[in-house]
Amino acid sequence: MEVPEAAPAAAAGVEAEGMSGGKGSWYVLEHTFIVLDKELIGGEFAPGNPHTEAMVGDVNIYMNDPDDMQLAEIEIMIAEHKSRGKGIGQEVILLMMAFAVEKYGIATFRAKISESNMASLKLFRKLGFKDASYSAVFKEVTLEVPADELQLRFPLTVGDW
């Protein structure tokens, strides 16, 4: 199995979380984007400035299937209630997926969402994710979408975020 090279931290708040593994184990590659709410930025936006006053959540991808490194699990959290319902989640999910397709050639995205999280289920289904399975034990819906069915913009530039 060929393991993709970890990406360096990028200007858009992308942080390479790391790779784990070793002899006899498999690799997990993950990336996190820290989500900012533009309305909470004090002063002007400056790339490289962490703008901690505007941090409202994160979006993550994990390439953790050793048999299919073109499959990425994606998750999002908008922790600040005042920043929910503004389209931020949709924007950062699309940005993360475009990044993953461009950087790693991801072909399929998967999201695992609690059956009670109706807002997230609605958002991912709106983006084109389809129900793939259900876990009664975890009360969790697994949704998937092929990357070629998404409306992603390339190349990614500073203006995109």
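The structure reproduced in this document is the subject of the present report. Small disclaimer: the values here were computed from a predicted structure and weren't measured.

## A closer look at helix H1 (residues 88-104)
Here H1 is 17 residues long and its end C-alpha atoms lie 24 Å apart, about the 24 Å a rise of 1.5 Å per residue gives. Inspection of H1 places Ile88, Gly89, Val92, Ile93, Leu95, Met96, Met97, Ala98, Phe99, Ala100 and Tyr104 among the buried residues, and these make up the whole buried set. One or two residues past the end of H1 sits Gly105, with phi positive at roughly 70 degrees.

## Comments concerning the packing of H1 against helix H2 (residues 118-126)
When two helices pack together, their arrangement is given by the angle between the helix axes and the distance between those axes. Running from N to C, H1 and H2 cross one another at 50 degrees; their axes reach a closest spacing of 11 Å. Relative to H2, the element H1 lies oblique. Regarding H1 and H2, the two cross each other, and that crossing is right-handed. Between H1 and H2, the contacting residues are Gly89, Gln90 and Ile93 on the first element and Leu123, Phe124 and Lys126 on the second. The class makeup of the residues in the contact of H1 with H2 is 3 nonpolar, 2 polar and 1 charged.

## A word on the pairing of strand E3 (residues 55-63)
The buried fraction of E3 is high, at 7 of 9 residues. Pairing analysis gives 8 bridges linking strand E2 (residues 28-36) to E3, with the strands arranged antiparallel. Pairing of Phe33 across the sheet is with Val59, part of E3. Across 6 bridges, E3 lies against strand E4 (residues 71-78) in antiparallel orientation. Of the residues in E4, the one forming a bridge with Asp58 is Met77.

The rules behind the values
- Residues numbered from 1 in each chain as written.
- Predicted model: local features only at pLDDT ≥ 70, side-chain atom pairs only at ≥ 80, totals over all residues.
- Heavy atoms only, no water.
- Helix = DSSP H or I, 4+ residues; strand = E, 2+ residues; numbered from the N terminus.
- Expected span 1.5 Å × (residues − 1).
- Buried < 20%, exposed > 50% of the residue type's maximum accessible area, 1.4 Å probe, protein only.
- Axes fitted to C-alpha atoms, helices over the stretch in contact; angles between N-to-C directions.
- Parallel < 35°, antiparallel > 145°, perpendicular 65-115°, else oblique.
- Left-handed = near helix turned anticlockwise from the far one by under 90°.
- Contact = heavy atoms within 4.5 Å.
- Nonpolar A, V, L, I, M, F, W, Y, C, P; charged D, E, K, R; others polar.
- Pairing = 2+ DSSP bridges.

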